[in-house]
2 protein chains.
Amino acid sequence: MEIFLATISAINDETRVKILRFIDKNGEVCVCDIEKSFEMIQSRISRHLKILKDAGFLRVERRGRWAYYSIRSPLDKFRQNILEEISYLDIKLPILDKGCKNE
Amino acid sequence: MEIFLATISAINDETRVKILRFIDKNGEVCVCDIEKSFEMIQSRISRHLKILKDAGFLRVERRGRWAYYSIRSPLDKFRQNILEEISYLDIKLPILDKGCKNE
DNA sequence: ATTATATATCAAGATATATTGATATATAAG
DNA sequence: CTTATATATCAATATATCTTGATATATAAT
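All of the points below concern the structure found in this document. (Residues numbered from 1 in each chain as written. Chains lettered and ligands numbered in written order. Predicted model: local features only at pLDDT ≥ 70, side-chain atom pairs only at ≥ 80, totals over all residues. Heavy atoms only, no water.)

**Description of the overall build of chain A**
Here's step 1: Regarding its fold elements, chain A presents five helices and three strands.
Here's step 2: The helix and strand sequence of chain A, counted from the amino end, reads α-α-β-α-α-β-β-α.
Here's step 3: Over its C-alpha trace chain A gives a radius of gyration of 13 Å, about what one expects of a compact globule, namely 13 Å for 103 residues.
Here's step 4: Within chain A, the proportion of its 103 residues that are buried is 48%.
Here's step 5: For chain A, restricting intrachain contacts to residue pairs at least 6 apart in sequence, the fraction spanning at least 24 positions comes to 66%.
Here's step 6: For chain A, the exposed area adds up to about 5,800 Å²; of that, 46% sits on carbon and sulfur atoms.
Here's step 7: Side-chain charges in chain A split into 19 positive and 16 negative, and the spacing between the mean points of these groups amounts to 4 Å. (Helix = DSSP H or I, 4+ residues; strand = E, 2+ residues; numbered from the N terminus. Rg over C-alpha atoms; globule rule 2.2 N^0.38 Å. Buried < 20%, exposed > 50% of the residue type's maximum accessible area, 1.4 Å probe, protein only. Contact = heavy atoms within 4.5 Å. Areas by Shrake-Rupley, 256 points an atom, 1.4 Å probe, with all protein chains shown as cover. Lys, Arg positive; Asp, Glu negative; His and termini not counted. Charge placed at Lys NZ, Arg CZ, Asp CG, Glu CD.)

Structural data, given as C-alpha cells:
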C-alpha cells in the first residue's frame, strides 16, 4: 500500500505531471534544463524530481556537476500505463531550454 | 488535466483505496454497510464515496432510503488498470457487515 | 403526525503537502 | 586555492486535504 500510494501521490501534482511528461518527451535532461525550461526555482524542481525518482518513475545519473534524469527503464506495466495516460493529456509543455552554463 | 488529477487524487488516500477495493470485491453495497464494516462515522464514508463517484470510479443508485454504490460500468481502460493494480495490493479488508436496520 | 433510519453537506480543527529562500556540498574552471 | 556552477536539503510559511460533530433532507414505519 505504501508503494502504491507513493506512486499515486507522485503524480497527484500538476507540476510533477508536467515534468514527467517533459522528460518522457525529451529524454535525458539535467536539473538546470528543467529549471530554465519551466522557469521555476531550483529547489522546487529538485524536490519534485526526488519525489518522482523515489516513486520509481525516474532514474538519475550523475556526470560531472550535472544530474541527468530520465524515465526509469524497465518500467513496470502500471507506471507505463500512467505515462501513457499522461501522454494523452492536453498539456501545454515548455520547449526544452538548455539552462547549463558550461556543459 | 483536471479530470486526470481528480482521478488520481481520488485514489491518493488509503481509506478510499480500501473502500474502492471493498466495493469491487463485494459488488453493490449501501453506505451503512460500509459504515458498519469499516467502523467509521457516516459523514466520513459519505464524503469518500462522493469523491470516488465524482472521479468516475463509482455509480450510485437510490432505492428507498438507501444509496447503493457499485463500480461504474463501463469503466475506461485507465481506471480498469487502477482497479487491477489495487486488487494486487496486500490489503486487510473488513468483511461485509450489513449495517442497515430494515432493508 | 411523529419517530427512526439513511444519507449528504457544512464548519472547524487537525494533518499533510507545496513553495520559497537560505544553506550545504560537490565538481570544475581559472 | 578561490570562485562559479549544479544540485540537494532544511526551515518557515502557505495551501490543500482529511476527520469530526452538527445539521439538513428524505424515506419509511408506527
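**Notes on the layout of surface pockets**
All names here are of chain B.
Here's step 1: A volume near 190 Å³ is recorded for the largest pocket.
Here's step 2: In this structure, the largest pocket is lined by Cys 30, Val 31, Cys 32, Glu 35, Gln 42, Ser 46, Val 60, Arg 62, Arg 65, Trp 66, Ala 67 and Tyr 69.
Here's step 3: Counting residues per element, the ones that place at least two in the lining of the largest pocket are helix 3 (31–38), helix 4 (42–54), strand 2 (58–63) and strand 3 (66–71).
Here's step 4: Considered class by class, the residues forming the lining of the largest pocket number seven nonpolar, two polar and three charged. (1 Å grid on protein atoms, 1.4 Å probe; cavity = no way out; pocket = protein on both sides within 12 Å on 5 of 7 lines; lining within 4 Å. Points joined across faces, edges and corners; volume = space filled by probe spheres on them. Nonpolar A, V, L, I, M, F, W, Y, C, P; charged D, E, K, R; others polar.)

**Notes on the packing of aromatic side chains**
All names here are of chain A.
Here's step 1: In the structure shown here, the tally under the stated rule is four aromatic pairs over all chains.
Here's step 2: The interplanar angle of 20° and the centroid separation of 5.9 Å between the aromatic rings of Phe 4 and Phe 78 together place this pair among those described as stacked. Placement of Phe 4 in helix 1 (residues 2–10) and of Phe 78 in helix 5 (residues 77–88) is noted, with a sequence separation of 74 residues between them. Each member of the pair, Phe 4 as well as Phe 78, is classed as buried.
Here's step 3: In this structure, Arg 79 is placed above the aromatic ring of Phe 57, and the distance from its NZ or CZ to the ring centre is 5.8 Å. (Phe/Tyr/Trp six-rings, centres within 6.5 Å; stacked < 30°, edge-to-face > 60°. Lys NZ or Arg CZ within 6 Å of the ring centre and 35° of its normal.)

**Comments concerning the protein's contact with DNA strand D**
Here's step 1: Neighbouring DNA strand D are 24 residues; A:Cys32, A:Gln42, A:Lys101, B:Arg16 and B:His48 lie closest to it.
Here's step 2: Counted by atom, the contact set of DNA strand D within 4 Å of the protein is 66% sugar and phosphate.
Here's step 3: Contact between DNA strand D and A:Arg65: a sugar or linking oxygen at 3.3 Å from a side-chain N or O atom of the residue.
Here's step 4: For DNA strand D, a phosphate oxygen lies 3.5 Å from a polar atom in the side chain of B:Asp13.
Here's step 5: Where the surface near DNA strand D is concerned, the elements lending two or more residues are helix 3 (31–38), helix 4 (42–54) and strand 3 (66–71) of chain A together with helix 2 (14–26) and helix 4 of chain B.
Here's step 6: Class assignment of the residues belonging to the surface near DNA strand D gives a composition of eight nonpolar, seven polar and nine charged. (Near = heavy atom within 4 Å. Polar contact = N/O pair within 3.5 Å; in protein donor to acceptor, adjacent residues only side chain to side chain.)

**Looking at the protein's contact with DNA strand C**
Here's step 1: Around DNA strand C, 25 residues are found, and the nearest of them are A:Arg16, A:His48, B:Cys32, B:Gln42 and B:Lys101.
Here's step 2: Taking the atoms of DNA strand C that fall within 4 Å of the protein, sugar and phosphate contribute 68% of them.
Here's step 3: Within the contact set of DNA strand C, a phosphate oxygen lies 2.8 Å away from a side-chain nitrogen or oxygen of A:Arg44.
Here's step 4: Within the side chain of B:Tyr69, a nitrogen or oxygen atom sits 2.7 Å from a phosphate oxygen of DNA strand C.
Here's step 5: The set of elements that each furnish at least two residues to the surface near DNA strand C consists of helix 2 (14–26) and helix 4 of chain A together with helix 3, helix 4 and strand 3 of chain B.

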